[in-house]
4 protein chains.
Amino acid sequence: MTTKKPEDILADASAWWDTSIIDIHPGEIAIRGYPVEELIGNVRFPEMIWLMLRGELPTTAQGNLLEAALVPGVDHGPHAPSIAIARMAVTCGLPVNGAMASAINVLDDIHGGAGQQCMELYGEIDAEAGAAGDLIDAAEIVIRRHMAAGEKIVPGFGHRFHPIDPRPAPLFKLVAKAVAEGAVSGRHAAIGKAVSDALERIKGRHIPMNIDGITAVIFCELGFEPELGRGLFILSRAVGILAHAWEQKQRGRRIMGPMPKEIPFRYSGPARRAVPEPAARGAQAPRSVR
Amino acid sequence: MTTKKPEDILADASAWWDTSIIDIHPGEIAIRGYPVEELIGNVRFPEMIWLMLRGELPTTAQGNLLEAALVPGVDHGPHAPSIAIARMAVTCGLPVNGAMASAINVLDDIHGGAGQQCMELYGEIDAEAGAAGDLIDAAEIVIRRHMAAGEKIVPGFGHRFHPIDPRPAPLFKLVAKAVAEGAVSGRHAAIGKAVSDALERIKGRHIPMNIDGITAVIFCELGFEPELGRGLFILSRAVGILAHAWEQKQRGRRIMGPMPKEIPFRYSGPARRAVPEPAARGAQAPRSVR
Amino acid sequence: MTTKKPEDILADASAWWDTSIIDIHPGEIAIRGYPVEELIGNVRFPEMIWLMLRGELPTTAQGNLLEAALVPGVDHGPHAPSIAIARMAVTCGLPVNGAMASAINVLDDIHGGAGQQCMELYGEIDAEAGAAGDLIDAAEIVIRRHMAAGEKIVPGFGHRFHPIDPRPAPLFKLVAKAVAEGAVSGRHAAIGKAVSDALERIKGRHIPMNIDGITAVIFCELGFEPELGRGLFILSRAVGILAHAWEQKQRGRRIMGPMPKEIPFRYSGPARRAVPEPAARGAQAPRSVR
Amino acid sequence: MTTKKPEDILADASAWWDTSIIDIHPGEIAIRGYPVEELIGNVRFPEMIWLMLRGELPTTAQGNLLEAALVPGVDHGPHAPSIAIARMAVTCGLPVNGAMASAINVLDDIHGGAGQQCMELYGEIDAEAGAAGDLIDAAEIVIRRHMAAGEKIVPGFGHRFHPIDPRPAPLFKLVAKAVAEGAVSGRHAAIGKAVSDALERIKGRHIPMNIDGITAVIFCELGFEPELGRGLFILSRAVGILAHAWEQKQRGRRIMGPMPKEIPFRYSGPARRAVPEPAARGAQAPRSVR
């Protein structure tokens, strides 16, 4: 199938799994060039997350701001599908790795993607405003463009359950502190506020920033790519998923569905009917009983 | 939080899990209205798949054509990520359900989505041609439109490994038979051939239809929605994933990675370096050693 | 790291992914030795499942019995975690592959393992009875042994919801037919009935066989290993998981949790309290408010 | 189906999702009783992990020791199935959540369970020794018991790749420091050393502790249950899984299998053969060509 020399095929196989993250030899592990034995005890866990994702170590202030943003996303209770799935999964016999897998999997575009989409929105407003443009005007232009394209939700703003989400305010203070210390520029904090002001202009009422909106500010200030914003949220929520899986597991319940069985699910399909002979199939239309 | 009456909240909870697929009461199970005890032995497995996905039973000819299309997609060997992942997973300790989950998960847009995309392409050509238009002209217009939008691959045509994919020819014969019997219209078979002809015009050479192209023809002829095309492929490939997981499990290997460890992965990150003091972090740029 | 010749390392890499299931060359695919183009149209889908898992094609009667056993397990409604998870997953943005992965993953020991455990139980009774022993006596000995070891459930018998599961009776008829035709021996059907009789002796009341008990009979009669019993159930339930994911997706809901939000989850942890200063942490005990 | 009052059924539904972890009301979120706005900025991420899993906040010294143990497990390169799967998954089209799900799923008994098993081993030795017994004697008894039961591997000791794992030594220093500060008792550090000494007695050579052995020491010293040891490892490895998924995604490759296709997988099944007529099936035995 190939006339390559075996040495060259082996080099291809090594290159197939090329990475700039880790180098391993017998008795030696280096991450981004740093010997693992030097990292242990000298680098904090959020700094390690940064190093793995970005290639370099953050400053202490950058690491602290990232760390603060990882705290509030850990959990939002059993009404969140990610948490509910983890709890149901252990009652089916899964160990924590399996429960975490089934649950983390659903942190997709809709359940886990609002932060990422908000980061993209901020980036679009940043580009729209350019160096000297007014941020509120730029935000209004961008939001109206998205609305014209049929989008109904501005990611990072408003909340189905909380009239005012309690998480953004304390994080905003930490951003302001980091700006004052020169750790971040404050550009994306200003863009976040501009979105809020633009929304008030458009909708005629205040739609407060939610947890996704403020973590998007922080991750943008720290220079993360939008998809990594989703990744960081997953690292945070993974903690809550594990905690709920573990709590449920200790209760020993078996095959826990979404509701007690005494609440029946509603059936809205065809009424009871006989299975037709093969020759009579393929013609009848379904009837709804709802 | 709510002033609804308890009865109404319970009705909301039932409606939350509304389904038209199955109705269950103590001692009674009806699927799409058919008592399960009547389905057993009277309905074949591919017909059951059809009933579950479509709401009605197919004719025998429709069921047979669907069945034939489920056969060839079961496996494409350990170079397919879906198969490789299943085999690695069992060596990590997973039972078959876990191995199947990790593997089926990767049947996403790129690995499992070509059939679905091809169905969408056929649908676009169908609409472009309208009732009386030339199918090859319509196919050329649609393909050139996709190419102009930056798409490099025509889903369902060409194969990285097989100069001629051995699977479409026998399936095409079965479609022709079904057309002759009046079970399907043949419209999408004609569209599939038109894509092939249009590609020859555009590229100046024959690019043969692959397995995704022919199963897309069949699923379109049978009236399935494109996303169900992906779903049907997953039901098929699930068989191969299970077979490979099982074969690997019987061999008893532990933690099998993608290659023997004697083939090292290539490292292309920064050279070995000391962890800087916290105060010195955040400045240095990464260096590549590749 | 190694002094092996490159040719030998390459042979090791080929052997790393050794399989007896499929052979692929450019333009050629053979499954268990059979050219794929000959399998298409000549082998039915359940026969293909058998070929992939067992290495050889079944007789028509064996294939038909396997097929019948795949039909009833496709669905048991949204109270089943596997179905509920699939429906929640699509409302989080997952495509069908992701929804199927999260859902299939939970078909573990407790939710998907009863059939497998029942097959193991039948095997144990088979061995206990030997060639000439009384099956009911053997069943009683084995069940009492499991009970003495602390097991509370006899897999395959009794049902939390159905006083009489409607699925075993029609399947039993098909087993009887296959026995009459000489397709299977009937040994495991007899063992299944013996378990029922032994349970009546032990518990003083009839505990009817459920769907797992009868599919275990069939899969044992057909010579499948217990873990493949779980695998076959997954192939069956995958159909229902796909159907429910697809139905839910068409409804367009976003982030659907397990219950309407108007039903609050119960909180049973410590009452509201202030975060202590770092120096004061690690001493206080949690208080429950339940 | 039930004669309960609607209010009672609703209470059952609330209790169905009972949790002691989080309490949520409009505008209010409290975790383990602490208002989320107080936790932000006052509690570090590893302390938050502790709070979620244990119910109370750790002392600063406990939090630091936990943090150090989370650093080295983040990555062990693309030869680890968890890392390889993440990289393959993104080339199939999965976003980071999906790649992380497929990868975390395989951190099961064998790939992710050694730390948990080592914690159980330490616990068994602790109980065997009792308050006054010799730890090395107890370790020898316990290890010999496991060997007699057929176990071939002592979890946490020895490494297939590293003659000496570089990660335990710096972590041991941090444990010693925590013992000196009175943060932990040192009991499990002593047990870990006792296992090493007992292994030398039994095997006649030194088998050094690996990363699982030392993190098991730390998690035991800090009072975590064994299954949470696996959970903590998953939280750590999730970082590497995300980093590798992200690195691979930026390279834009499509459907990357485990090896370049120029290295064929080995086929060891039956030689090419014709599909028999249905009446001739079920008799032939498979032949191996290996």
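Everything discussed here concerns the structure shown above.
Every value quoted in this text rests on a predicted model; they were computed, and no experiment measured them. (Residues numbered from 1 in each chain as written. Chains lettered and ligands numbered in written order. Predicted model: local features only at pLDDT ≥ 70, side-chain atom pairs only at ≥ 80, totals over all residues. Heavy atoms only, no water.)

Trainee: Looking at this structure, how should I read the overall build of chain A?
Mentor: Secondary structure summary: chain A contains 12 helices and three strands in total. Radius of gyration (C-alpha) of chain A: 25 Å, far over the 19 Å computed for a compact globule of 290 residues. Expressed along its principal axes, the backbone C-alpha trace of chain A runs to roughly 75 × 65 × 50 Å. Per-residue burial over chain A gives 63% buried out of 290 residues. A separation of at least 24 residues holds for 67% of the contacts in chain A among residues at least 6 apart in sequence. Accessible surface, chain A as shown: approximately 10,200 Å² in total, 54% of it carbon and sulfur. (Helix = DSSP H or I, 4+ residues; strand = E, 2+ residues; numbered from the N terminus. Rg over C-alpha atoms; globule rule 2.2 N^0.38 Å. Buried < 20%, exposed > 50% of the residue type's maximum accessible area, 1.4 Å probe, protein only. Contact = heavy atoms within 4.5 Å. Areas by Shrake-Rupley, 256 points an atom, 1.4 Å probe, with all protein chains shown as cover.)

Trainee: What's the story with the sheet that holds strand 1 (residues 22–25) of chain C in this structure? I'm lost.
Mentor: Within a sheet, adjacent strands bond to each other through the backbone by hydrogen bonds, running parallel or antiparallel. Residue and element names in this part refer to chain C. The strand order across the open sheet built from three strands is 1-2-3, with neighbouring strands paired in antiparallel fashion. With partners counted over all chains shown, the strands left at the sheet margins are strand 1 and strand 3 (34–35), one partner each. Alignment of strand 1 against strand 2 (residues 28–31), held across four bridges, turns out to be antiparallel. Residue pairing for strand 2: Asp 23 is matched across the bridge by Ala 30. (Pairing = 2+ DSSP bridges.)

Trainee: Looking at this structure, how should I read the side chain of Asp 23 of chain A?
Mentor: Mapped onto the fold, Asp 23 of chain A is located in strand 1 (residues 22–25). Within the structure, the side chain of Asp 23 of chain A is placed 3.1 Å from the side chain of Arg 272 of chain B, a separation counted as a polar contact. Contacts of Asp 23 of chain A, omitting those with residues within four sequence positions, involve Glu 28, Ile 29 and Ala 30 of chain A together with Tyr 267 and Arg 272 of chain B. (Polar contact = N/O pair within 3.5 Å; in protein donor to acceptor, adjacent residues only side chain to side chain.)

Trainee: Is there a simple way to think about the pattern of salt bridges in this case?
Mentor: Think of it this way: side chains of opposite charge can pair up when their charged atoms draw near. All names here are of chain A. Across all of its chains, the model carries 88 salt bridges over all chains by this definition. For Arg 201, the salt bridge is made with Glu 140, and the minimal N-O distance between the two is 2.6 Å. Here Glu 140 lies in helix 8 (residues 135–148) and Arg 201 lies in helix 10 (residues 187–203), a separation of 61 residues in the sequence. The class for Glu 140 is buried, based on a relative accessible area of 17%. (Salt bridge = Lys/Arg side-chain N within 4 Å of Asp/Glu carboxyl O.)

Trainee: Just checking my understanding: could you explain the interface of chain B and chain C for this structure?
Mentor: By a widespread convention, an interface's size corresponds to the accessible area lost as its parts come together. In this complex, chain B contributes 93 residues to the contact, which on the side of chain C involves 93 residues. With both sides pooled, the region where chain B packs onto chain C buries about 8,100 Å², and carbon together with sulfur makes up 73% of that total. The largest per-residue losses of area from chain B upon contact with chain C belong to Trp 16, Trp 17 and Phe 45 of chain B, which jointly make up 11% of the total buried on that side. Put simply, chain B and chain C have eight salt bridges between them. One salt bridge connects Arg 44 of chain C with Glu 67 of chain B, and the closest N-O pair in it is separated by 3.6 Å. Between chain B and chain C we count 34 residue pairs in polar contact (both at pLDDT 80 or more) in total. (Buried area = accessible area lost by both parts, 1.4 Å probe.)

Trainee: Sorry if this is basic, but what is going on with the interface of chain D and chain A here?
Mentor: Tallying the contact residues gives 93 residues for chain D and 93 residues for chain A. Counting the surface lost from both chain D and chain A, the interface buries some 8,100 Å², and carbon and sulfur atoms represent 74% of this. Residues Arg 251 of chain A and Asp 18 of chain D are paired through a salt bridge, measuring 2.9 Å at the closest nitrogen-oxygen approach. At the junction of chain D and chain A, the tally comes to 33 residue pairs in polar contact (both at pLDDT 80 or more). The element that contributes the greatest number of residues to the side of chain D that touches chain A is helix 12 (residues 226–251) of chain D, accounting for 18 residues. Taken together, the residues of the side of chain D that touches chain A sort by class into 56 nonpolar, 17 polar and 20 charged. (Nonpolar A, V, L, I, M, F, W, Y, C, P; charged D, E, K, R; others polar.)

Trainee: How should I be thinking about helix 7 (residues 114–129) of chain C in this particular structure?
Mentor: Each turn of an α-helix holds 3.6 residues, which means side chains three or four residues apart point in the same direction. All names here are of chain C. The terminal C-alpha atoms of helix 7 lie 22 Å apart, and with 16 residues this matches the ideal 22 Å at 1.5 Å per residue to within 8%. Looking at helix 7, one finds that the buried residues are Ala 114, Gly 115, Gln 116, Cys 118, Met 119, Leu 121, Tyr 122, Ile 125 and Ala 129. Structurally, helix 7 contributes buried residues whose contacts are with helix 8 (135–148), helix 10 (187–203), helix 11 (211–221) and helix 12 (226–251). With its phi angle positive at about 65°, Gly 130 sits one or two positions after the end of helix 7. (Expected span 1.5 Å × (residues − 1).)

Trainee: Whenever I open this one, the packing of aromatic side chains confuses me. Can you help?
Mentor: In this description, an aromatic ring pair is defined by two values, namely the gap between the centres and the angle between the planes. Under the defined criterion, the tally for this structure stands at 10 aromatic pairs over all chains. Centre to centre, the rings of Phe 219 of chain A and Phe 224 of chain A are 6.2 Å apart; their planes meet at 75°, and the pair counts as edge-to-face. For the pair formed by Phe 219 of chain A and Phe 224 of chain A, the shared burial category is buried. Each member of the aromatic cluster is reached from another via a ring pair, and the members are Trp 50, Phe 219 and Phe 224 of chain A. Directly above the aromatic system of Tyr 34 of chain A lies the positively charged group of Arg 273 of chain B, at a separation of 4.3 Å from the ring centroid. Taking the ring centre of Trp 50 of chain D as reference, the NZ or CZ of Arg 54 of chain D above it sits at 4.6 Å. (Phe/Tyr/Trp six-rings, centres within 6.5 Å; stacked < 30°, edge-to-face > 60°. Lys NZ or Arg CZ within 6 Å of the ring centre and 35° of its normal.)

Trainee: What's the story with the sheet that holds strand 2 (residues 28–31) of chain B in this structure? I'm lost.
Mentor: Residue and element names in this part refer to chain B. The antiparallel open sheet is built from three strands, whose spatial order is 1-2-3. This sheet does not close on itself; its edge strands, each paired only once, are strand 1 (22–25) and strand 3 (34–35). Across two bridges, strand 2 lies against strand 3 in antiparallel orientation. Looking across to strand 3, one finds that Ala 30 is bridged to Pro 35.

Trainee: Looking at this model, I keep getting lost on the packing of helix 4 (residues 60–70) of chain C against helix 11 of chain C. Mind explaining?
Mentor: Each pair of packed helices can be summarised by the angle the axes make with each other and by the distance between the axes. Residues and elements named next belong to chain C. One can describe the packing of helix 4 onto helix 11 by two numbers: an axis separation of 10 Å at closest approach and a directional angle of 160°. Taken together, the axes of helix 4 and helix 11 lie roughly antiparallel to each other. In this structure, the crossing between helix 4 and helix 11 has a hand that is left-handed. Contacts between helix 4 and helix 11 involve Leu 65, Leu 66 and Ala 69 from the former and Thr 215, Ile 218 and Phe 219 from the latter. (Axes fitted to C-alpha atoms, helices over the stretch in contact; angles between N-to-C directions. Parallel < 35°, antiparallel > 145°, perpendicular 65-115°, else oblique. Left-handed = near helix turned anticlockwise from the far one by under 90°.)

Trainee: Would you take a moment to explain the state of the cysteines for this structure?
Mentor: Linking two cysteines covalently through their sulfur atoms gives a disulfide. Summed over all chains, the structure comprises zero disulfides over all chains. Free of any disulfide, Cys 92 of chain B has its nearest cysteine sulfur in Cys 92 of chain D, 17 Å distant. (Disulfide = S-S within 2.5 Å.)

Trainee: Can you help me understand the relation of the copies chain B and chain C in this one?
Mentor: In this arrangement, two copies of a chain are superimposed by a rotation about an axis accompanied by a shift along the axis. When chain B is fitted to chain C, the best match, at an RMSD of 0.0 Å, comes from turning it 180° and sliding it 0.0 Å along the axis. A rotation of that kind, with that shift, is consistent with a two-fold axis. For chain B, the residue whose C-alpha comes nearest the rotation axis is Ala 101 of chain B, separated from it by 2.1 Å. Take the interface residues of chain B: 100% of them recur as interface residues in chain C, which is what a same-surface contact looks like. (Least-squares fit on C-alpha atoms with pLDDT ≥ 70 in both.)

Trainee: Looking at this structure, I do not really get the relation of the copies chain D and chain A. What am I missing?
Mentor: Superposing chain D onto chain A requires a rotation of 180° together with a translation of 0.0 Å along the rotation axis, leaving an RMSD of 0.0 Å. Comparing interface residues between copies, 100% of those in chain D also lie at the interface in chain A; the contact surface is shared.

Trainee: Even after reading the chapter, I still don't get the environment of Asp 134 of chain A, so can you show me in this structure?
Mentor: Locating Asp 134 of chain A in the fold gives a position in the loop between helix 7 (114–129) and helix 8. Between the C-alpha atoms of Asp 134 of chain A and Ala 238 of chain A, which are 104 residues apart in sequence, the distance is 38 Å.

What is shown is where atoms sit, not what they do.
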